[in-house]
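Coordinate inspection notes
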Amino acid sequence: MIIPRRVCQIRPRRVILSGIQPTGIPHLGNYLGALSNWVKLQKSAEPEDKLLFSIVGWHALTLPQNPAALLAARNDMLAVLLAIGIDPNRSILFHQDQNPHHNELSWILSCITPMGKLRQDDDMEGASRLAAARNSGSEDEVDESMLNAGLFMYPVLQAADVLVYKATHVPVGDDQQQHIELIRDLADIFNRTFKGTSPLFPLPTSVNTPSKRILSLKDPTSKMSKSSPDVQSRILLTDTASQIQSKIRAAVTDSIQGITYDPQGRPGTSNLLTILAACTDSDTTQVAKAYESQGHGALKRDVAEAVEEFLKGPRAQFDRIRHETAYLDEVARLGATRAIEHSEVTMMEVKTRLGLASPVVH
């Protein structure tokens, strides 16, 4: 009797990379979005997968920054990532601005990037980012003289962030899909322009990470944001239980009897249901059904309790870690060292293909 041989499918090693700007203390929307997904990716990754998570300080400079505030925000963001569960022994956790290879590759990529690709939508996106930072009502209110070249060129730096590590997978939201397409285009242009025995850069794949869209507690037609002048519109990781309770109690809802999930017709109520479901890892529809005969008072009480339970662990960790300056410096130093070890191999290959370095003889 011939026993058929089992075929083992070995999945190629993934290189997963994502970054976040040093905006300081994250709000609940940030946490339930990108940050919680990073932790899930870390837990689900195979042992051979490489994970890189960066704090992208260079990107922050596209908008006006106070130097002292930026330095504090960089440290706070590193402390936040450690507090929520990013393990610097499992993942490479680093400050993008501590690895010069990002800017080096960005310049090289800018020299092969067609201007048309940047003009497609980045003039509008630059205005949008500046409008958000200044809390303007719309892009039309932004003076074009305030738009700097960095806002126009940052997608190329974003491509360098990914390609310098030969990342294969990039977790993104729906609004970032166009940037992944540009990164793939630039990788393909480089591979076709500077040929070798094999393509140098993989074409990265987007990882669509499911995340809850958390809206402002005061204006549930817009996303929760730190740029809003109303501090009651958002819940921060550092908010106390009483602050959380106060903000949820004052959240905008409606006067309709009963609780239903209707994002278009009842955005405020639906936002609270989304928050409750996300914090308890439940299905939003099922949560809504459980409250259909209750009022907003009961819903707000339970949302406040769920948010406090969800945040109290990371908040305590953050309060402890943010003051351990020597530890944060050491994590950043080791992360930068590991990142550079990874990227310098790529840059040597890039320079060799460009004619800026001699081929390495093994």
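Cut-offs applied
Residues numbered from 1 in each chain as written. Predicted model: local features only at pLDDT ≥ 70, side-chain atom pairs only at ≥ 80, totals over all residues. Heavy atoms only, no water. Helix = DSSP H or I, 4+ residues; strand = E, 2+ residues; numbered from the N terminus. Expected span 1.5 Å × (residues − 1). Buried < 20%, exposed > 50% of the residue type's maximum accessible area, 1.4 Å probe, protein only. Polar contact = N/O pair within 3.5 Å; in protein donor to acceptor, adjacent residues only side chain to side chain. Salt bridge = Lys/Arg side-chain N within 4 Å of Asp/Glu carboxyl O. Pairing = 2+ DSSP bridges. Phe/Tyr/Trp six-rings, centres within 6.5 Å; stacked < 30°, edge-to-face > 60°.

Look at helix 7 (residues 149-163): 22 Å from first C-alpha to last across 15 residues, which is about the 21 Å you get at 1.5 Å a residue. Buried residues dominate helix 7, accounting for twelve of its 15 residues. Restricting attention to buried positions, one finds in helix 7 the residues L151, F152, Y154, P155, V156, L157, Q158, A159, A160, D161, V162 and L163. The residue sitting at the N-terminus of helix 7 and contributing the capping side-chain oxygen is N148; that oxygen lies 2.9 Å from the backbone nitrogen of G150.

This structure, assessed with the given rule, holds 14 salt bridges. R192 is the salt-bridge partner of D188, the closest N and O atoms lying 2.8 Å from each other. Taken as a pair, D188 and R192 lie in helix 8 (residues 177-193) at a separation of four residues, close to a single helical turn. For the salt bridge of K312 with E309, the shortest nitrogen-to-oxygen distance reads 3.1 Å. Here the residue K312 and the residue E309 both occupy positions in helix 12 (residues 296-321), the gap between them amounting to three residues, near one helical turn.

Below, the discussion takes up the pairing of strand 1 (residues 15-20). Burial of strand 1 is extensive: five of the six residues sit out of reach of the surface. Here strand 1 pairs with strand 2 (residues 50-55) via six bridges, running parallel. Note that in strand 2 the partner of I20 across the bridge is I55.

This paragraph deals with the packing of aromatic side chains. Per the counting criterion, the structure on display carries five aromatic pairs. Ring geometry for Y31 and F310: centres 5.0 Å apart, planes at 35 degrees, overall tilted. Here Y31 is found in helix 1 (residues 28-44), whereas its partner F310 is found in helix 12, with 279 residues between them in sequence. Relative to F194, the ring of F190 lies with its centre 4.9 Å away and its plane at 45 degrees, an arrangement referred to as tilted. Neither F190 nor F194 differs from the other in exposure class; each is buried. By way of ring pairs, the aromatic residues F190, F194 and F201 are connected into one cluster.

Shape is all these values report; function is a separate question.
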